[in-house]
Amino acid sequence: MYFAPERVRDAALEIKNDANLVAQLLPATLPEPSKIESAYWLPQNWTSRQRYWFHHTSQGTATIPVPYQWFLALERPELSFSYTKLTDENYLRRLGFIPSPGSKDFAGHAPAYGYHEDAQNGDTANPGWSPSPPENPNALPVGFAILKGGIDPTTGAPYDDQIGLTCAAYHTGHLEYKNVSIRFDGGPAMVNLGEVERAIGLSELAPVVWTAPRWI
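None of the values given here were measured: they were computed from a predicted structure.

Draft legend 1. The arrangement of the overall build of the protein in detail. A tally of helices and strands in the protein yields 8 helices and 6 strands. Put simply, the protein runs from its N terminus to its C terminus through helices and strands in the order α-β-α-β-α-α-α-α-β-β-α-β-β-α. Burial status across the protein gives 36% buried among its 216 residues. A fraction of 69% describes how many contacts in the protein between residues 6 or more apart in sequence connect residues 24 or more apart. Carbon and sulfur atoms form 60% of the exposed surface of the protein, whose accessible area is close to 13,300 Å².

Draft legend 2. Structural context of the packing of aromatic side chains. Tallied over the full model, the rule gives 7 aromatic pairs. Ring centres of Y52 and F106 lie 4.4 Å apart, and the angle between their planes is 40°; on these two criteria the pair is classed as tilted. You can see Y52 sitting in helix α2 (residues 48–56) and its partner F106 sitting in helix α5 (residues 106–109), a full 54 residues away along the chain. Ring centres of F97 and F144 lie 5.0 Å apart, and the angle between their planes is 55°; this geometry places the pair in the tilted category. Placement of the pair is F97 in the loop between α4 (89–94) and α5 and F144 in strand β3 (residues 144–147), with a sequence separation of 47 residues. With respect to class, F97 is no different from F144; both count as buried. Put simply, the rings of W41, Y52, F106 and Y115 pair up and form one aromatic cluster.

Draft legend 3. Local environment of the environment of I200. Along the chain, the position of I200 falls in helix α8 (residues 193–211). Here the alpha-carbon distance between I200 and P77, two residues 123 residues apart in the chain, equals 7.9 Å. The contact partners of I200, leaving out residues within four places of it in the chain, are I64, F71, L74 and L86.

Draft legend 4. Structural context of the sheet that holds strand β1 (residues 38–41). A sheet is described by the order of its strands in space; here 3 strands give the open sequence β1-β6-β5, paired in mixed fashion. Each edge of the sheet is formed by a strand with only one pairing partner; in this case those strands are β1 and β5 (172–177). On average, each strand axis in the sheet is inclined to that of its neighbour by 20°, with strand direction left out of account. Pairing of β5 with strand β6 (residues 180–185), which is carried by 6 bridges, proceeds in the antiparallel orientation. If you follow E176 over to β6, its bridge partner there is S181. Along the sheet face, α2 touches β1, β5 and β6 and points at about 75° away from the line of β6.

About the cut-offs
Residues numbered from 1 in each chain as written. Predicted model: local features only at pLDDT ≥ 70, side-chain atom pairs only at ≥ 80, totals over all residues. Heavy atoms only, no water. Helix = DSSP H or I, 4+ residues; strand = E, 2+ residues; numbered from the N terminus. Buried < 20%, exposed > 50% of the residue type's maximum accessible area, 1.4 Å probe, protein only. Contact = heavy atoms within 4.5 Å. Areas by Shrake-Rupley, 256 points an atom, 1.4 Å probe, with all protein chains shown as cover. Phe/Tyr/Trp six-rings, centres within 6.5 Å; stacked < 30°, edge-to-face > 60°. Pairing = 2+ DSSP bridges. Axes fitted to C-alpha atoms, helices over the stretch in contact; angles between N-to-C directions.

What follows is the structure, given as C-alpha cells:
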C-alpha cells in the first residue's frame, strides 16, 4: 500500500498533537521537596512584622479564578486514592513557593519560617510603621493574599472572599544550602507559574472528570 508523504506527515502531526494534549491533562512530575532544618530571612532593614505584612497584604488583585474557600478545598492534581490538598505546604514548595506561617499565631511560629527579629533598626528606618499581621489564617506561602469580598450594592449580599498572588510572589528569592533556607526580598522568585496555572486548572477539572457519567 502506498502512502503519500503529505498523508504520513499529517498523521504524524495528529499523533503528536494528541500526545501533547494527553501530556497537558496529566499531572506534572515535580521534584521532591528538599529537607529544611532551619530558615532565615536576610536582614534588610525592616522588622519581621513589616516583612510579613508585605508578603501577605492584598494589593487589590484576585489572580486565582476561584473563591478563597474553594481554593482551600481543591485537591492536588495527582493520581491518588487519598485526599491531598493543593495547599499542602510541601506540594506548594515543589512549585517554587516559600512557606510562611499562619497569622493566627504569627509570633509563635515566625522563627521556624525565618522571621527572626534580625532587623532591630526597622522601626528607625520606618518610624511609626508597625503593621499588624495581615490575614493568612491557613498559612499559605509568601505572595498569597486574601481579597475581602465586599457587599453586592444591588442585593446587599456578601461576595465571596477571593485569593490571589501579590508582588511578593514574584519578587522574593531563596537559596537552600545544607538543609538551610536563606530567603530575601527583592530577588527573583523560583515559582513555576506555568505549572501553578496548570495545577489549579487540573484541580478544578478533576471533580468534573471523576464524577461525570461514563458511557460504555
